[in-house]
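Results of the structural survey
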Amino acid sequence: MEKRTWQSYLPLVFVACDLLTAACLATVAASYGRKQLIEQKKNVDKYSVDALPLLLTSESLWSGVAYVSAVYLFCPYTIASCVAQTTTVFDNLVLAAALVAMVRGYPLVFGGLVAVATYQSFYPVCLLVPGIISLVQEDSTSALMKPLLSFLSSLGILMIASVEVAGSWEFLEATYGFILAAPDLTPNIGLFWYFFTEMFEHFRLFFLATFQINAFVYVLPLSIRLHRDPVLLATALLAFTAVFRSYPALGDVGFYLALLPMWKHLHPFMRQTFIVGCMFVSTSVLGPIMYNLWIFNGSANANFYFAVTLAFNTAQIFLVTDLLFAYVKWEYQLINGSKVEVDGGPGRLTLQ
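To start, this report covers the structure provided alongside it. (Residues numbered from 1 in each chain as written. Predicted model: local features only at pLDDT ≥ 70, side-chain atom pairs only at ≥ 80, totals over all residues. Heavy atoms only, no water.)

**Focus on the overall build of the protein chain**
Assigned secondary structure in the protein chain consists of 16 helices and two strands. Taken over the C-alpha trace, the protein chain has a radius of gyration of 22 Å; the compact-globule value for 352 residues is 20 Å, and the two agree within 12%. For the C-alpha atoms alone, the extent of the protein chain along its principal axes is close to 65 × 55 × 50 Å. The 352 residues of the protein chain split such that 47% are buried. Taking the intrachain contacts of the protein chain between residues at least 6 apart in sequence as the baseline, contacts between residues at least 24 apart amount to 75%. (Helix = DSSP H or I, 4+ residues; strand = E, 2+ residues; numbered from the N terminus. Rg over C-alpha atoms; globule rule 2.2 N^0.38 Å. Buried < 20%, exposed > 50% of the residue type's maximum accessible area, 1.4 Å probe, protein only. Contact = heavy atoms within 4.5 Å.)

The structure is reproduced here in structure tokens:
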């Protein structure tokens, strides 16, 4: 009988990580739904008399828990990441655990997990903002300092351990420097590779800073507008970083898509679901085809593949903005009713 090596068990490890991630996301959805119902009961006297159909129910929120797990486990993007055995699977597990700590109110655990996620890929540092907002809403006395101290101390320990292993601080250039400077322009599903292939070298630093800022510039305005819903804020930030990071992966997209069923009650207010759905399907099919035609067959060029990746990222932006505007409309109609009047006549909310 042939002896099995440890490599033969690797697929089971990745499947187990995805199952744990799905369980963590289901926990996030359950805790979030419970908090939403409690908050709704507190503010029910502020709602309009005709807002009854818009109120959340326990049945709809609990069904969202099952949808969250199902979407993550059966999303083609997460399945592709698991089959390819990418480290994104482990990143998603850490992020899901951090979200659990955020909604359950564990500031020290949350700070440590965000430190691990930041240590892995840098961009999750933006999750500190929605996490602190959520924890402050639970406990305003010490929730601000605990996650920050936990984050800084955990990240410091990880850095010191890396220095001991690497022998110097030069590993920073090969890790975070690589992420920020984006020297490898191998084609991927992101936006960096094509722009910087065509970029003149003396413009590179300016546009590199512009592209990197895009991943973080939305933190402040979204935090101001969505401070009452930190989980939605965290989801929006994860979506924007999945689009604007220098080396995105399909697993990043699948992770935040799995969180969207928590707001399935906003679907009637969304106006671009059909267009976005068609864009996701078409780009997911055409992406591998155009890549194969360009790289392997030589019968296409970079413009074909980049057009697909640009449409794919545009679909993600459309999806997130449509979700956020649907949330604004739902929140407005809860307070003011479904009849919008402007100067005594019927009005309509439009996105400018």
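**Digging into the packing of helix α5 (residues 107-121) against helix α7 (residues 145-166)**
When two helices pack together, their arrangement is given by the angle between the helix axes and by the axis-to-axis distance. Where α5 meets α7, the axes come as close as 7 Å, and the angle between the chain directions of the two elements is 40°. Classified by the angle between their axes, α5 and α7 sit oblique to one another. Crossing geometry of α5 relative to α7 is assigned as right-handed. Taken together, the residues of α7 that come into contact with α5 (itself represented by Pro107, Leu108, Phe110, Gly111, Gly112, Val114, Ala115, Val116, Thr118 and Tyr119) are Lys146, Pro147, Ser150, Phe151, Ser154, Leu155, Leu158 and Ser162. Across the contact of α5 with α7, the residue classes break down as 11 nonpolar, six polar and one charged. (Axes fitted to C-alpha atoms, helices over the stretch in contact; angles between N-to-C directions. Parallel < 35°, antiparallel > 145°, perpendicular 65-115°, else oblique. Left-handed = near helix turned anticlockwise from the far one by under 90°. Nonpolar A, V, L, I, M, F, W, Y, C, P; charged D, E, K, R; others polar.)

**Topic: the packing of aromatic side chains**
Enumeration according to the criterion identifies 28 aromatic pairs in this entry. Ring centres of tyrosine 123 and phenylalanine 216 lie 5.8 Å apart, and the angle between their planes is 15°; this geometry places the pair in the stacked category. Separated by 93 residues along the polypeptide, tyrosine 123 in the loop between α5 and α6 (128-138) and phenylalanine 216 in the loop between α11 (204-213) and α12 (219-225) bring together distant segments of the chain. Judged by its relative accessible area of 2%, tyrosine 123 is buried. With 6.1 Å between their ring centres and 25° between their planes, tryptophan 169 and phenylalanine 171 make a pair best called stacked. Members of the aromatic cluster, joined through ring pairs, are Phe192, Trp193, Tyr194, Phe195, Phe196, Phe211, Tyr291, Trp294, Phe296, Tyr305 and Phe306. (Phe/Tyr/Trp six-rings, centres within 6.5 Å; stacked < 30°, edge-to-face > 60°.)

**Some points on α5**
Over its 15 residues, α5 extends 21 Å from the first C-alpha to the last, a length consistent with the 21 Å expected when each residue adds 1.5 Å. Buried residues along α5 sit against α4 (88-104), α6, α7 and α9 (176-181). At the C-terminal side of α5, phenylalanine 122 shows a positive phi close to 70°. (Expected span 1.5 Å × (residues − 1).)

**Digging into the pattern of salt bridges**
This structure, assessed with the given rule, holds four salt bridges. Residue arginine 228 is joined to glutamate 331 by a salt bridge in which the shortest nitrogen-to-oxygen separation is 2.9 Å. On the criterion of sequence distance, the pair formed by arginine 228 in the loop between α12 and α13 (230-244) and glutamate 331 in helix α16 (residues 302-336) is long-range, its members being 103 residues apart. A salt bridge links arginine 245 to aspartate 252, with the shortest nitrogen-to-oxygen separation between them at 3.5 Å. Bridged by salt links that share partners, the residues Arg225, Arg228 and Glu331 form one connected network. (Salt bridge = Lys/Arg side-chain N within 4 Å of Asp/Glu carboxyl O.)

**Let's talk about the environment of serine 121**
By the element assignment, serine 121 lies in helix α5. Separated by 62 residues in the primary sequence, serine 121 and glutamate 59 place their C-alpha atoms 37 Å from one another. Here serine 121 is in contact with Ile179 and Arg245, once residues within four sequence places are set aside.

**A look at the side chain of asparagine 92**
If you trace the backbone, asparagine 92 turns up in helix α4. A relative accessible area of 3% means that asparagine 92 is categorised as buried. Beyond its immediate sequence surroundings of up to four residues, asparagine 92 is in contact with Thr21, Tyr72, Gly251, Asp252 and Phe255.

**Overview of the side chain of aspartate 322**
Looking at the secondary structure, you find aspartate 322 in helix α16. This buried residue, aspartate 322, is left without a salt bridge; lysine 329 holds the nearest opposite charge, at 5.7 Å. Excluding residues within four positions of it along the chain, aspartate 322 makes contact with Met270, Arg271, Gln272 and Thr273. (Lys, Arg positive; Asp, Glu negative; His and termini not counted.)

**A word on a nonpolar patch on the surface**
On the surface, Val136, Leu144, Met145 and Leu149 cluster together to form a nonpolar patch covering roughly 350 Å² of accessible area. With respect to the helices and strands, valine 136 occurs in helix α6. Take valine 136: its relative accessible area is 31%, and that puts it in the partly exposed class. (Patch = residues over 30% accessible without salt bridge, like charges linked within 9 Å, V, L, I, M, F, W, Y side chains within 5 Å. Areas by Shrake-Rupley, 256 points an atom, 1.4 Å probe, with all protein chains shown as cover.)

**Description of the environment of threonine 273**
Among the secondary structure elements, threonine 273 is positioned in helix α15 (residues 273-297). Separated by 50 residues in the primary sequence, threonine 273 and leucine 323 place their C-alpha atoms 9.4 Å from one another. The residues touching threonine 273, leaving out its near neighbours within four places in the chain, are His267 and Asp322.

**Details of the nonpolar core**
The biggest cluster of nonpolar side chains holds 102 residues, and the ones touching the most others in it are Phe255, Tyr256, Met262, Trp263 and Phe280. Discounting residues that sit within four places of it in the chain, tyrosine 256 has contacts with Thr235, Leu238, Ala239, Ala242, Phe280, Gln316 and Leu319. Ranked by size, the runner-up nonpolar core spans five residues in total, among them Phe14, Cys82, Val89 and Leu93. (Core = buried A, V, L, I, M, F, W, Y, C linked by side-chain atoms within 4.5 Å.)

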